[in-house]
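Close look at the chain arrangement
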Amino acid sequence: MQILLAFAPFIAFAVLSRNVPVTLALAAAAAVAIVQMFNDVVRHKRSIKILEVGTTLLFGGLALVAWARGGDWGIAEVRFWVDGGLFLIVAFSMLIRQPFTLQYARERVSPEIAAKPQFLRFNQILSGVWALAFLVLTVADHVMAHMPQVPLWIGIAVSVGALLFAFWFTGWYPERQRRLAAAAQGAKA
């Protein structure tokens, strides 16, 4: 559940961007990210996460760009930069072998499990699925922003499908791995 809460700034942006100027929606999303980081570190004594730092920088930077442009920035174009930035954050976390899911997963397992090489591989796969979903969203955003001949519903359907798949995979894959581990333990006994 904690990992899903990490997307709260993106949800805040998505909801607000329909009702308030884009600069304000971006600034509010940055504020949500900052509050989340503060809450995790001070209140819950958790470590600062790559996703939280990246999200704060992404929304804060985009809010400054929107402000510098006088707020004249179309929502489809902003979504492209938001989703593209999220893809880059996740891809970067994987590149440095600290996939963004790893930091959340370590808080839920024993140090012995977290130290296993399979644990890193498991989280690389989970993060990779999310990276792929965010890449699909970025491409769909680009199509919606720059290819008006493509019906809008196609971009929306592709985006929703990518996110639903990533959410489904996040629930399915850990359970599959647990069943495989239990079967392997049963075979050894």
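Coordinates for the structure precede this section.
Report on the accompanying structure.

Rules used throughout
- Residues numbered from 1 in each chain as written.
- Predicted model: local features only at pLDDT ≥ 70, side-chain atom pairs only at ≥ 80, totals over all residues.
- Heavy atoms only, no water.
- Axes fitted to C-alpha atoms, helices over the stretch in contact; angles between N-to-C directions.
- Helix = DSSP H or I, 4+ residues; strand = E, 2+ residues; numbered from the N terminus.
- Parallel < 35°, antiparallel > 145°, perpendicular 65-115°, else oblique.
- Left-handed = near helix turned anticlockwise from the far one by under 90°.
- Contact = heavy atoms within 4.5 Å.
- Phe/Tyr/Trp six-rings, centres within 6.5 Å; stacked < 30°, edge-to-face > 60°.
- Buried < 20%, exposed > 50% of the residue type's maximum accessible area, 1.4 Å probe, protein only.
- Lys NZ or Arg CZ within 6 Å of the ring centre and 35° of its normal.

So, the packing of helix α3 (residues 22-43) against helix α4 (residues 50-68)
At a minimum axis distance of 8 Å, the contact between α3 and α4 shows a crossing angle of 155°. Relative to α4, α3 is oriented roughly antiparallel. As for how α3 packs across α4, the hand of that crossing is left-handed. Listed contacts from α4 to Val-22, Thr-23, Leu-26, Ala-27, Ala-29, Ala-30, Ala-33, Ile-34, Gln-36, Met-37 and Asp-40 of α3 are Glu-52, Val-53, Thr-55, Thr-56, Phe-59, Gly-60, Leu-62, Ala-63, Ala-66 and Trp-67.

Topic: the packing of aromatic side chains
Going through the model one piece at a time under the given rule, you end up with 17 aromatic pairs. Between Phe-7 and Phe-100, the aromatic rings sit 6.2 Å apart at their centres with planes inclined by 75°, giving edge-to-face as the arrangement. Of this pair, Phe-7 sits in the loop between α1 (2-5) and α2 (8-16) while Phe-100 is found in helix α6 (residues 100-105), placing the two residues 93 residues apart along the sequence. In this pair, the class of Phe-7 matches that of Phe-100, namely buried. Feature note: the residues Phe-7, Phe-10, Phe-13, Phe-59, Phe-100, Trp-130, Phe-134 and Phe-167 constitute an aromatic cluster, connected by ring pairs. Lying across the ring of Tyr-104, Lys-49 places its NZ or CZ 5.3 Å from the centre.

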